[in-house]
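# Coordinate analysis (summary)
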Amino acid sequence: MANIIDGKAISAAIRAEIKEETEAFFGQHGFRPGLAVIIVGEDPASQVYVRNKRRACEEVGFYSEAYELPHNTTQDELNALVDKLNADPAIHGILCQLPLPKHLDENEVILRIDPKKDVDAFHPTNVGRIMIGDYSFLPCTPAGVMALLARSGIEISGKECVVVGRSNIVGKPQAMLLLHANGTVTVCHSRTKNLAEVCRRADILVAAIGKADFFTGDMVKEGAVVIDVGMNRRADGKLTGDVDFESVAPKASYITPVPGGVGPMTITMLMQNTLTAAKESVK
Ligand code: GUN
């Protein structure tokens, strides 16, 4: 039976370190890292994320601002808010919660956020910097996966790493980070032929396709490390990952549960990026 990677415990340990660093930063510079979170409209899931981000800021000792804008906010109004936050020295990180209502252009907002304050690492400047391995911020989910692997003592160098999913937010940057760590990386997606066969080659399998319980025991090599990025809601309302835990866990050497694996790490990595942005602002 696999070792279960406890994302909650690892996340709590990293937050304690961030809190300590934040107090030292405050002692040295007289101000706290500041994060602004923008949410447009009343999507309940987004509201929960925003509340959790605010709580996390309090926990680690950051200054934070939340902007809850009405659904009918115009692009000009949103742009004006981004411009104001770009110019505000008390704000080091800006996060605009996605998805935005349909009448707003997400790309325009991503491009407008100062890359130095882009704690999501969605701006093309930051995406490009990740590609060449010269980065300040990593997108929160793949960064969380790398931290889970590192803190579980899992070696990546020379390993067969299979990432299933090629989104800009998870799959593509995840592949790049594993490559920087000297993994041999394969990226699979919906058109991949013989997916199960490719997955069975993996020493480290990262599942990020958004299909509940898709990866079953027969798709996993004995002793593989299985990281489940999925967050799916079953018909009965239960949260479940992309990995069928029951059939995969007996074969894996390490596995992340859902909930309690990758999920808790993402906001922690956002805190990490905000601290980094504050540190870089005083360089
Ligand atoms: N919506 C869901 N996850 C995220 C995230 O990581 N960043 C932003 N900006 N919006 C999200």
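Position labels on residues start from 1 in each chain and follow its written sequence. Local features in a predicted model are, by the rule used here, given only for residues with pLDDT of at least 70; side-chain atom pairs are given and counted only at 80 or more, and totals for whole chains, interfaces and linings are based on all residues. Hydrogens are left out, water is left out, and the side-chain values use all remaining heavy atoms of the structure.

## Here's the deal with the packing of aromatic side chains
Defined as follows: Each aromatic pair joins two rings of Phe, Tyr and Trp (for Trp, the six-membered one) with centres within 6.5 Å, and gets the label stacked for planes under 30 degrees apart, edge-to-face for over 60, and tilted for any other angle. Only protein chains enter the area calculation, which uses a 1.4 Å probe; residues under 20% of their type maximum are buried, those over 50% are exposed, and those in between are partly exposed.
By the definition in use, this model includes 2 aromatic pairs. Their ring planes at 85 degrees and their centres at 5.3 Å tell us that F25 and F31 sit as a pair that is edge-to-face. F31 sits in the partly exposed class, given a relative accessible area of 28%. With a centroid separation of 5.0 Å and an interplanar angle of 75 degrees, the aromatic rings of F214 and F215 are classed as edge-to-face. Judged by relative accessible area, which is 30%, F214 ranks as partly exposed.

## A word on the sheet that holds strand β2 (residues 34-40)
Quick reminder of the rule: Pairing between two strands is assigned when DSSP locates at least 2 bridges connecting them. Secondary structure is summarised from DSSP: a helix means a run of H or I of at least four residues, a strand means a run of E of at least two, and numbering begins at the N terminus for each. To obtain an axis, a line is fitted to C-alpha atoms, over the contacting stretch when the element is a helix, and the angle between two such axes runs from 0 to 180 degrees between their N-to-C directions.
Sheet architecture is open: 3 strands sit in the order β3-β2-β4, paired in parallel fashion. The open sheet terminates on both sides in strands that have one partner only, identified here as β3 (63-69) and β4 (93-96). Recorded for the sheet is a direction-independent mean angle of 15 degrees between the axes of neighbouring strands. Taken together, the 4 bridges between β2 and β4 define a ladder with parallel strand orientation.

## A few points about the site of the ligand
Heads up, the rule is: Here a residue counts as near a molecule or strand whenever at least one of its heavy atoms sits within 4 Å of it. In the analysis that follows, any N or O atom pair within 3.5 Å is treated as a polar contact, provided that within protein one partner can donate a hydrogen and the other can accept it, and provided that, for residues neighboring in sequence, both atoms belong to side chains. Here the Shrake-Rupley method, with its probe set to 1.4 Å, supplies the accessible areas, and only the displayed protein chains count as covering residues.
Taken together, L95, C96, Q97, L98, D120 and F122 make up the full set of residues near the ligand. One of the backbone N or O atoms of C96 is found 2.9 Å from a nitrogen atom in the ligand. Interatomic distance of 2.8 Å between a backbone N/O atom of L98 and a nitrogen atom of the ligand. Here the ligand loses 74% of its free accessible area of 280 Å² to cover by the protein chains.

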